[in-house]
Amino acid sequence: MAQKIKKGDTVQVISGRDKGKRGEVIQVLPKEQKILVRGVNVVKRHQRPTGQLRQGGIIEKESPLYWSKVMLVCPSCDKPTRVGFKVLEDGSKVRFCKKCGEIIDKK
């Protein structure tokens, strides 16, 4: 299955408590169908001091959310959009914006 959302994309949350927020995708977890977005779905965790993390206390970190709750933001029209796929003349498969038709995967 082709990935509609990849690491480094900008996405917008369309449902839940963070509705309307935008952020960059840090990590994609395809087996769980979840993604990690910078600055979105931030939770507080009680952390005990360990060898690597010297300081304990309450830390804030991003929690994964289902990728059905986000939409990709098109870099050219700057709107949340659905994603389509095209095969170019050279045989490469690219993603494109369904609103404006521009190719998202620029190399």
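Given the structure is predicted, the values throughout are model-derived calculations rather than measurements.

Peer 1: Can you help me understand the overall build of the protein in this one?
Peer 2: Helix and strand counts for the protein come out as zero helices and 10 strands. Taken against the 2.2 N^0.38 rule, which gives 13 Å for 107 residues, the C-alpha radius of gyration of the protein at 17 Å runs more than 25% over that of a compact globule. Seen through its principal axes, the protein has C-alpha atoms that stretch 55 × 25 × 20 Å. Relative to its 107 residues, the protein shows a buried fraction of 29%. Nonlocal contacts in the protein, meaning residues at least 24 apart in sequence, comprise 39% of its contacts between residues at least 6 apart. Of the charged side chains in the protein, 25 are positive and 11 negative; the average position of the first set lies 7 Å away from that of the second.

Peer 1: Just checking my understanding: could you explain the state of the cysteines for this structure?
Peer 2: Should the sulfur atoms of two cysteines be covalently bonded, the bond is a disulfide. Going through the model one piece at a time under the given rule, you end up with zero disulfides. As a non-bridged cysteine, Cys-74 has Cys-77 as the owner of its nearest cysteine sulfur, 3.6 Å distant. In this structure Cys-74 comes out as buried when scored by relative accessible area, which is 1%. Cysteine Cys-97 shares no disulfide, and the gap to the nearest cysteine sulfur, in Cys-100, comes to 3.6 Å. Taking relative accessible area as the criterion, Cys-97 reaches 0% and is therefore assigned buried.

Peer 1: Which parts of the structure should I look at to understand the UniProt feature "domain: KOW" (unreviewed entry) in the protein?
Peer 2: The UniProt entry lists residues 4-31 under the feature "domain: KOW" (unreviewed entry), expressed in the numbering used here. Secondary structure content for residues 4-31 is 0% helix and 43% strand, while the C-alpha to C-alpha distance between its ends is 14 Å.

Peer 1: I would appreciate a short explanation of the sheet that holds strand β3 (residues 34-37) in the present structure.
Peer 2: Note on sheets: strands pair through backbone hydrogen bonds, and any given pair is parallel or antiparallel. Strand order in the open sheet made by the six strands is β6-β3-β2-β1-β7-β8, with antiparallel pairing throughout. What marks the edges here is a single partner per strand, and that holds for β6 (65-66) and β8 (80-81).

Peer 1: Would you mind going over the pairing of strand β10 (residues 93-97) with me for this structure?
Peer 2: The side chains of a regular strand alternate between both faces of the sheet. In terms of burial, β10 is largely enclosed, as four of its five residues are buried. Here strand β9 (residues 83-87) runs beside β10; their pairing, made up of five bridges, is antiparallel. Among the inter-strand pairings, Phe-85 is bridged to a residue of β10, identified as Arg-95. The antiparallel hairpin formed by β9 and β10 contains five residues in its connecting segment, where Gly-91 sits at a positive phi of about 95°.

Peer 1: Got a minute to help me understand the pattern of salt bridges in this structure?
Peer 2: Side-chain pairs of opposite charge can arise where the charged atoms are in close proximity. Scanning the model with the defined rule gives six salt bridges in all. The closest approach of N and O atoms between Arg-95 and Asp-9, which form a salt bridge, is 2.8 Å. On the criterion of sequence distance, the pair formed by Arg-95 in strand β10 and Asp-9 in the segment before β1 (10-13) is long-range, its members being 86 residues apart. As far as burial versus exposure is concerned, Arg-95 and Asp-9 are alike and both buried. Where Lys-21 meets Asp-18, a salt bridge forms, and the shortest distance between an N and an O atom there is 3.4 Å. Taking relative accessible area as the criterion, Asp-18 reaches 10% and is therefore assigned buried. One continuous salt-bridge network, built from bridges that share partners, spans Asp-9, Arg-95 and Asp-105.

Thresholds applied
Residues numbered from 1 in each chain as written. Predicted model: local features only at pLDDT ≥ 70, side-chain atom pairs only at ≥ 80, totals over all residues. Heavy atoms only, no water. Helix = DSSP H or I, 4+ residues; strand = E, 2+ residues; numbered from the N terminus. Rg over C-alpha atoms; globule rule 2.2 N^0.38 Å. Buried < 20%, exposed > 50% of the residue type's maximum accessible area, 1.4 Å probe, protein only. Contact = heavy atoms within 4.5 Å. Lys, Arg positive; Asp, Glu negative; His and termini not counted. Charge placed at Lys NZ, Arg CZ, Asp CG, Glu CD. Disulfide = S-S within 2.5 Å. UniProt positions renumbered as here; feature names shortened; annotations may be inferred. Pairing = 2+ DSSP bridges. Salt bridge = Lys/Arg side-chain N within 4 Å of Asp/Glu carboxyl O.

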